[in-house]
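Listed below are the residues making up each chain.
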Amino acid sequence: MNQKYLIPLTAVFLLFLVAYTGVEGAGLQWFFGIVFPYLAVLTFLIGFIVKVMGWAASAVPFRIPTTCGQQKSLPWIKQNCIDNPDTASGVFVRMVLEIFLFRSLFRNTKAAFNRNVSNRLSYSWEIFLWLGALAFHYSFLVVVLRHFRFFTSPVPSCLTWLEYVDGIVQIGLPGLFLSGVVLLAATLFLLSRRIFDAKVAYISQAADYFPLFLIIGIAATGIAMRYFTKVDIIGIKTLTMGLATFAPVIPEGVGGLFYGHVFMVSVLFAYFPASKLMHAGGVFLSSTRNMANNSRAIRHINPWNYDVEVHTYEQYEDHFREKMIEAGLPVDKKE
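This part takes up the overall build of the chain. A tally of helices and strands in the chain yields 13 helices and two strands. Taken against the 2.2 N^0.38 rule, which gives 20 Å for 335 residues, the C-alpha radius of gyration of the chain at 28 Å runs more than 25% over that of a compact globule. In terms of its C-alpha atoms, the chain occupies a principal-axis envelope of roughly 95 × 55 × 45 Å. In the chain, 64% of the contacts between residues at least 6 apart in sequence involve partners at least 24 apart. Seen as two clouds, the 27 positive and the 20 negative side-chain charges of the chain have centres 14 Å apart.

Looking at where Arg149 falls in the secondary structure, it is placed in the loop between helix H5 (127-146) and helix H6 (157-166). Under the relative-accessibility criterion, Arg149 is labelled buried at 17%. Sequence-distant contacts of Arg149, defined by excluding residues within four places in its chain, comprise Val155, Leu159, Glu163, Phe177 and Lys237.

With that settled, the discussion passes to the packing of helix H7 (residues 178-196) against helix H9 (residues 206-228). Packed helices, taken two at a time, are described by their axes: the angle between them and the distance between them. Here H7 crosses H9 at 150°, and the two axes come no closer than 9 Å. It follows that H7 is roughly antiparallel to H9 by the angle criterion. In this structure, the crossing between H7 and H9 has a hand that is left-handed. Between H7, through Gly180, Leu183, Leu184, Thr187, Leu188, Leu190, Leu191, Arg194 and Ile195, and H9, the contact on the second element is made entirely by Asp208, Tyr209, Leu212, Phe213, Ile215, Ile216, Ala219 and Ile223.

Moving on to helix H13 (residues 313-326). Between its first and last C-alpha, H13 extends 18 Å over 14 residues, near the 20 Å set by a 1.5 Å rise per residue. At Phe320, H13 shows its largest bend, some 70°. Within H13 the residues assigned to the buried category are Glu317, Arg321 and Met324. Within two residues after H13, Gly328 carries a phi angle of roughly 80°, on the positive side.

Before going further, it helps to spend a moment on the packing of aromatic side chains. Going through the model one piece at a time under the given rule, you end up with 19 aromatic pairs. A centroid spacing of 4.9 Å and a plane angle of 45° characterise the contact between Tyr316 and Phe320, whose relative ring orientation is tilted. Here Phe320 and Tyr316 lie together in helix H13, a separation of four residues that amounts to about one turn. Under the relative-accessibility criterion, Tyr316 is labelled partly exposed at 37%. Assessed through its relative accessible area of 29%, Phe320 is described here as partly exposed. Following the ring pairs from residue to residue traces out a cluster consisting of Trp30, Phe31, Phe32, Phe36 and Phe263. A cation over an aromatic ring shows up here: Arg146 above the ring of Phe177, its NZ or CZ 4.1 Å from the ring centre.

Rules of the game
- Residues numbered from 1 in each chain as written.
- Predicted model: local features only at pLDDT ≥ 70, side-chain atom pairs only at ≥ 80, totals over all residues.
- Heavy atoms only, no water.
- Helix = DSSP H or I, 4+ residues; strand = E, 2+ residues; numbered from the N terminus.
- Rg over C-alpha atoms; globule rule 2.2 N^0.38 Å.
- Contact = heavy atoms within 4.5 Å.
- Lys, Arg positive; Asp, Glu negative; His and termini not counted.
- Charge placed at Lys NZ, Arg CZ, Asp CG, Glu CD.
- Buried < 20%, exposed > 50% of the residue type's maximum accessible area, 1.4 Å probe, protein only.
- Axes fitted to C-alpha atoms, helices over the stretch in contact; angles between N-to-C directions.
- Parallel < 35°, antiparallel > 145°, perpendicular 65-115°, else oblique.
- Left-handed = near helix turned anticlockwise from the far one by under 90°.
- Expected span 1.5 Å × (residues − 1).
- Bend = angle between axes of the 7 residues up to and from the residue.
- Phe/Tyr/Trp six-rings, centres within 6.5 Å; stacked < 30°, edge-to-face > 60°.
- Lys NZ or Arg CZ within 6 Å of the ring centre and 35° of its normal.

Rendered as structure tokens:
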């Protein structure tokens, strides 16, 4: 097995094992259920804010949008106002399509040599990558929103409605939540692509596999608690409400599986700002996406330019005149 994904797989397994044995063997519910979740959320908030503020403060002296096709110039030349917008409204539409529908990924193609046709280079549409990414992100969003019912009392009607739609497929008891199954399946698909696609595997590092294994562990333990093992929902609600109100209480009868689940979620929170997962915040600050391509219509002056002292040729000649004359170089002034 390739160590690129063997190491993160082992790390995730050890994280769960540490939490499980720490609770079941050492009685460290207070650490894995209270201390570490608070530290993880604090790390997430501080890291997220610092990261975004750093990006926001980065200098962008030029218009550098990623464009497709002809930008707006002469009236009789066609221009795509979404792919290559020159107005704020066009940029807004492009950002909405990118953030909610992954439009650039939808149009992504993969290059490969077709050995059946004289080994010629051919391009194929990566529709399954787009579907997998879309399923992963939206199922993850639904799972996160659905879990807010553990931190609110009474539960808002919008969460009740979301839970009803998510569990509309009545299979087994308790009812099946589609988001959890889709999240696990989509994550496994993205992981298998990194493992079995030679080109993707070549550029993938351990940092690319770790969050995937972590999310798989979170989804698997969550499904296990809901469908295969019995957990004390009232006790879990007591713990989560205590965390939300800053009056944490450790309930009785909640096993190590739940604390292992919470520990992996906390690790994901703490790891988030230092990982590639920060594209969730960075997409809004991407200069290649959030800028209008209107450089032909408006003259842009670099706002980061500042006045500098200029050493003119006249000053240069005054300083080196004698040496220039000795070297036989022409000068504007003899003295």
